[in-house]
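As a plain string of letters, each chain reads:
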Amino acid sequence: MDRERTFQSTQWPHSYNLCVVMKKKGNILIVDDTVFTVELLKNIFRSDGYNTLEAYDGEEALKKMEKYKPDLIVLDMMMPKLGGLEVCKRVKTDENTKHTPVIMLTGKNEVSDKVKGLEIGADDYMTKPFHRKELLARVRSLLTQKAGKERLVQEEKLAALQRMMDEVSHEIINPVVSIGGFARRVYESLPEGSQNKKYMKTILQNVAALEKMVRELVQLKSASLSYVEAVDVNEIIVEALAMLNQGIEKNSIDVKMDLMTLPPLIDADRENLKRAICNIIENGIEAMKNETRTLRISTQVNEGYFEIQISDTGKGVSPDEIKSIFDPFYTSKIYGPGLGLAFSLKTIQSHKGMISVDSQEGVGTVFNIRLPMRRMSS
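Residues numbered from 1 in each chain as written. Predicted model: local features only at pLDDT ≥ 70, side-chain atom pairs only at ≥ 80, totals over all residues. Heavy atoms only, no water.

J.: For this particular structure, what's the right way to read the environment of Asn251?
T.: Following the sequence through the fold, Asn251 ends up in the loop between helix H9 (245-250) and strand E9 (254-258). As for Asn251 and Glu286, which are separated by 35 residues in sequence, their C-alpha atoms are 8.8 Å apart. Beyond its immediate sequence surroundings of up to four residues, Asn251 is in contact with Ile285, Lys289 and Arg293. Within the structure, Asn251 has its side chain in polar contact with the backbone oxygen of Gly247 (distance 2.7 Å). (Helix = DSSP H or I, 4+ residues; strand = E, 2+ residues; numbered from the N terminus. Contact = heavy atoms within 4.5 Å. Polar contact = N/O pair within 3.5 Å; in protein donor to acceptor, adjacent residues only side chain to side chain.)

Below you can see the structure in the form of structure tokens.
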């Protein structure tokens, strides 16, 4: 069972007890046709804080791989229907799963089996019987490498975006501003009810969308240009909510806050952090189209970090989409195309912090922000 921790507010009028479900370390798919081995591996991984999925043949493994997108696979070599080598080959040749680490298991101790597994892309190899500590060490190592690769990919995307922003700043901003200005003048000069005025309204709507994109590009460019000062994050959260008050009231959002009393100050760029929090809250508001519309925000200090948790009761994000929502211009059924979450990610990273997201379709989404505490002078 996931660990829970509870905090209670005594400061805010809409206080409540918020239980935060701590995220597991990762999801591991166990594939073996022997029930005893599956149960043994399941107990080892779950006792160390991992989620597990189980499959008892190769075909079932591929179906669960496609549906759940696990973080790592522990794969038996000898299985019915599809053998481990074939499963590994398909995983490593699929563009969507090729970066998923695979540990091959076998009861044999022959060099040829190891070579075959490694040649088709297996990341590691263990023979039965295996040692618990060694298996967990290898799993941790592979997941750490995977996380490092994902961070590198993200950094490369942001670097490419930075280059694109420089081009946009020079080539698009001025023409868009000019088009918008002249189009508004023409629109205002046309008589009400005329067909041309309807056409101009459509033009202005599209210009507004372009202007919004340009503003977001400029904001994203400034996400790493931080003016750092000592700030009260609780105050920033309240200011962010005030900026979005119109949308909150229009959509009948029930805001519940559990902000810690007398929070420690942290070093941050006040405006950038406020915009980052605004973007996350705004996405939550857009996601809540159902009857239950509750936005929860809490703060606390944990393990040397100041934590901000923002959760909504929206539609949630699918496992396929959740890894892409921070990508610039990514479009999902929940969030429209834009740069808001990309700005939030870049801002948190520029503050040497971390941001994670956990979501369940039909239930909602939880964003967790961790910012380093101020260093006390000696």
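J.: Can you walk me through the packing of helix H2 (residues 58-68) against helix H3 (residues 84-93) in this structure?
T.: When two helices pack together, their arrangement is given by the angle between the helix axes and the distance between those axes. Two elements in contact, H2 and H3, have axes whose closest approach is 9 Å; the angle formed by their N-to-C orientations is 20°. Relative to H3, H2 is oriented roughly parallel. The crossing of H2 and H3 is right-handed. Touching Gly58, Ala61, Leu62 and Met65 of H2 are Val87, Arg90 and Val91, all from H3. When its residues are assigned to classes, the contact of H2 with H3 shows five nonpolar, one polar and one charged. (Axes fitted to C-alpha atoms, helices over the stretch in contact; angles between N-to-C directions. Parallel < 35°, antiparallel > 145°, perpendicular 65-115°, else oblique. Left-handed = near helix turned anticlockwise from the far one by under 90°. Nonpolar A, V, L, I, M, F, W, Y, C, P; charged D, E, K, R; others polar.)

J.: Explain unusual backbone geometry here, please?
T.: Comment: phi is negative for the bulk of residues other than glycine, and the bulk of peptide bonds are trans. Here Lys128 and Pro129 are connected by a cis peptide whose omega angle stands at -5°. Structurally, the position occupied by Pro129 is in the loop between strand E7 (124-127) and helix H5 (132-171). The phi torsion at Leu262 lies on the positive side, around 50°, for a residue other than glycine. Position of Leu262 among the secondary structure elements: in the loop between E9 and strand E10 (266-268). With a relative accessible area of 76%, Leu262 lands in the exposed category. Look at Glu303: it is not a glycine, yet its phi comes out positive at around 55°. (Buried < 20%, exposed > 50% of the residue type's maximum accessible area, 1.4 Å probe, protein only.)

J.: Could you clarify how one ought to interpret the packing of aromatic side chains in this entry?
T.: For any pair of aromatic rings, geometry is given as the distance between the ring centres together with the angle between the planes. Tallied over the entire structure, the rule returns two aromatic pairs. Plain terms: the ring middles of Phe45 and Tyr50 are 6.2 Å apart, the flat faces sit at 85° to each other, and that makes the pair edge-to-face. The two residues Phe45 and Tyr50 agree in class, both being buried. With centroids separated by 6.2 Å and ring planes inclined at 90°, the aromatic side chains of Phe326 and Phe367 adopt a geometry described as edge-to-face. Remark: Phe367 occurs in strand E14 (residues 364-372) and Phe326 occurs in the loop between helix H11 (319-322) and helix H12 (340-350); sequence separation between them is 41 residues. The positively charged end of Lys197 is found above the aromatic ring belonging to Tyr187, 4.6 Å away from the centroid. (Phe/Tyr/Trp six-rings, centres within 6.5 Å; stacked < 30°, edge-to-face > 60°. Lys NZ or Arg CZ within 6 Å of the ring centre and 35° of its normal.)

J.: So what exactly am I meant to see when it comes to the packing of helix H8 (residues 233-243) against helix H10 (residues 270-287) here?
T.: At their nearest, the axes of H8 and H10 sit 9 Å apart, and the two run at 55° to each other. Between H8 and H10, the angle is such that the two are oblique. Regarding H8 and H10, the two cross each other, and that crossing is right-handed. Contacts from Val233, Glu235, Ile236, Ile237, Glu239, Ala240, Leu241 and Met243 in H8 reach Arg270, Leu273, Lys274, Arg275, Ile277, Cys278 and Ile281 in H10.

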